[in-house]
Amino acid sequence: MVQTPAKPETLLLTLPTTLKLYVTQEQFEALAASNRELQLERTATGELIVNPPTGWETGERNFSIIGQLYGWYEDNGNLGKAFDSSTGFILPNGAIRSPDACWISQERWDALTDEQKGTFPHICPDFVVELRSKSDSLKSLQEKMQEYIENGAKLGWLIDPQHRTVEIHRVSLEVEKLFNPVELSGEEVLPSFVLNVRRV
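Think of each chain on its own: its residues are numbered from 1, step by step along the sequence as written. Note on the predicted model: pLDDT of at least 70 is required for a residue's local features to be given, and 80 or more for side-chain atom pairs to be given and counted; whole-chain, interface and lining totals, by contrast, use all residues. Side-chain descriptors were evaluated using all non-hydrogen atoms of the structure, hydrogens and water having been removed beforehand.

Elements are defined by DSSP. Helices are runs of H or I of four residues or more, strands are runs of E of two residues or more, and each kind is numbered from the N terminus. Summing up its helical and strand segments, the chain has five helices and twelve strands in all. Each radius of gyration reported is based on C-alpha atoms, and the globular scaling rule is 2.2 Å times the count of residues to the power 0.38. A compact globule built from 200 residues would reach a C-alpha radius of gyration of about 16 Å, and the chain, at 17 Å, matches this within 12%. Dimensions of the chain, computed from C-alpha atoms along their principal axes, come out at roughly 45 × 40 × 30 Å. Considering the chain as a whole, with its 200 residues, one finds that 42% of them fall into the buried category. Exposure classes here rest on a 1.4 Å probe applied to the protein chains alone. A residue is buried below 20% of its type maximum, exposed above 50%, and partly exposed in between.

A few words now on the side chain of Arg42. Within the secondary structure layout, Arg42 lies in strand 1 (residues 39-42). There is no salt bridge for the buried Arg42, and the closest opposite charge comes from Glu26, which lies 7.1 Å off by N-O distance. N or O atoms closer than or at 3.5 Å make up a polar contact, with two conditions inside protein: a donor-capable atom paired with an acceptor-capable one, and, for residues adjacent in sequence, both atoms drawn from side chains. Polar side-chain contacts of Arg42 include one of 2.7 Å to the backbone oxygen of Gly94. Asp and Glu count as negative and Lys and Arg as positive, but His and the ends of the chain are not part of the count. Criterion for a salt bridge: a side-chain nitrogen of Lys or Arg within 4 Å of a carboxyl oxygen of Asp or Glu.

What follows deals with the environment of Leu69. The topology assignment puts Leu69 in helix 2 (residues 56-75). For Leu69, a relative accessible area of 3% puts it in the buried group. Separated by 88 residues in sequence, Leu69 and Trp157 have C-alpha atoms that sit 13 Å apart.

It is worth spelling out the environment of Ile104 at this point. On the secondary structure map, Ile104 appears in strand 6 (residues 101-105). Classification of Ile104 by relative accessible area gives buried; the value is 0%. Spatially, the C-alpha atom of Ile104 lies 25 Å from that of Arg198, the residues being 94 residues apart in sequence.

Here is the structure:
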C-alpha cells in the first residue's frame, strides 16, 4: 500500500506542451497518493497524464451516468462491481487508466489475488464509459477506447455531447456510431441495463 507522505512538498511546475514526463508504476502510485485532488493517468509507455477538473456541465452529465449505472448495480450487485471516475486500473499493457464509469464482472474480480487488487487493480474493466468534455481531444479518447478493448473490455461507450454522438466499441467488431440516441443498451455485458441518454 502506498503511504501519503506526512508533509508533501509543494511544487508548481509549468510544462511546455512539447515536453512529456515519464514515470514508473511505483512513481505513479506515489504521485497519486500525494496528489489526491488531481486525476492522473499513465500511458503504456509511462507518460504521465494530468487531467484537469471538469466543468459543471461534464460533472452533471457524469453524475447522471454514474447514478443510472448505480441504480442498475443496486439491483444486480451480485453480478459484479461498479466504479466511478476516481478509480485507476492497471491494464495488461501497463497503462493506468480511469474510465468515467466502469464495471467488472464478479467472476473476473474474484479471480484477482489480494496483491492484484492492490491500490490500483491489475485488470481492465469489462464495461467502460468515457464522456467527452470540451477540453478533450476526440482522437485521444478514441485511442483510449481502443486501448480498453485491446486490454480486455467487452463493451465501451464514448459519449460526445458536443456532437450528440455515441461510439459503441465492442470486441472484434467495427465501431458503431449513433447520432442523437435516446438510450443505450448494456447488451449481454450488463444485462437489462439501459442508459437514458436524454438525461446525459
